[in-house]
Amino acid sequence: VQLVESGGGLVQPGGSLRLSCAASGRTFSDYAMGWFRQAPGKERELVAAITWSGINTYYPYSVKGRFTISRDNAKNTVYLQMNSLKPEDTAVYYCAASDTVAAMRRSETSGSWGQGTQVTVSS
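Rules used throughout
- Residues numbered from 1 in each chain as written.
- Predicted model: local features only at pLDDT ≥ 70, side-chain atom pairs only at ≥ 80, totals over all residues.
- Heavy atoms only, no water.
- Core = buried A, V, L, I, M, F, W, Y, C linked by side-chain atoms within 4.5 Å.
- Buried < 20%, exposed > 50% of the residue type's maximum accessible area, 1.4 Å probe, protein only.
- Helix = DSSP H or I, 4+ residues; strand = E, 2+ residues; numbered from the N terminus.
- Contact = heavy atoms within 4.5 Å.
- Salt bridge = Lys/Arg side-chain N within 4 Å of Asp/Glu carboxyl O.
- Pairing = 2+ DSSP bridges.
- Axes fitted to C-alpha atoms, helices over the stretch in contact; angles between N-to-C directions.

*Asks:* Looking at this structure, I do not really get the nonpolar core. What am I missing?
*Replies:* Looking at soluble globular proteins, one finds that nonpolar side chains tend to be buried together. Core analysis: the biggest nonpolar cluster contains 29 residues, and W35, F67, V78, L80, M82 and Y93 have the highest contact counts within it. When contributions to this core are tallied by element, the ones reaching two or more residues are β3 (17-24), β4 (32-38), β5 (45-50), β7 (67-72), β8 (77-82), β9 (91-98) and β10 (117-121). Sequence-distant contacts of F67, that is, excluding residues within four places in its chain, are made with R37, V47, Y59, L80, Q81, M82, N83, L85, D89 and Y93. By size, the runner-up hydrophobic cluster in this structure holds seven residues, among which are F36, A49, A96 and V101.

Structure (structure tokens):
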């Protein structure tokens, strides 16, 4: 599956951004989807995941209550709504596909990574 992320930018602390990821190639609804981020000098980390149906989601403690993942299987698109952004949220954000949310949490992803989209939180 091929993935193209968009929607990043520069935002002040406390602000919001909505990221989008358009998928193509394989049947989008076959996959759990997730968002990872990677800050300079740090490992890539999972910040949100969603089952193929959209019913179940996962968030780590660092973003729970601030980030919301959603998907539109008719549009082959997954979204990440980010609210109450903090400077430590600054990173390149990538979307990814996986067989399950559990596999996503083990960083077992399908297909290649997209180019990512830069999110910078700064005043």
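*Asks:* Please clarify how the pattern of salt bridges should be interpreted in this entry.
*Replies:* Scanning the model with the defined rule gives four salt bridges in all. The shortest N-O distance in the salt bridge between D89 and R37 comes to 2.8 Å. In this pair, D89 is assigned in the loop between β8 and β9 and R37 in strand β4, connecting sequence segments 52 residues apart. Overall, D89 belongs to the buried group, its relative accessible area being 0%. You can call R37 buried: its relative accessible area is 6%. Here R66 ties to D89 by a salt bridge, and the two come within 2.7 Å at their closest N and O atoms. Placement of the pair is R66 in the loop between β6 (57-58) and β7 and D89 in the loop between β8 and β9, with a sequence separation of 23 residues. Like R66, the residue D89 is buried in the burial classification.

*Asks:* Sorry if this is basic, but what is going on with the sheet that holds β3 here?
*Replies:* In any sheet, the strands associate via hydrogen bonds between backbone groups, in a parallel or an antiparallel arrangement. Spatially, four strands are ordered β1-β3-β8-β7 in an open sheet, and the strand pairing comes out antiparallel. The sheet terminates laterally at β1 (2-6) and β7, the two strands that pair on one side only. Each neighbouring strand pair of the sheet contributes to a mean axis angle of 20°, computed without reference to strand direction. By the bridge criterion, six bridges tie β7 to β8 in an arrangement that is antiparallel. The partner of I69 across the bridge, within β8, is L80.

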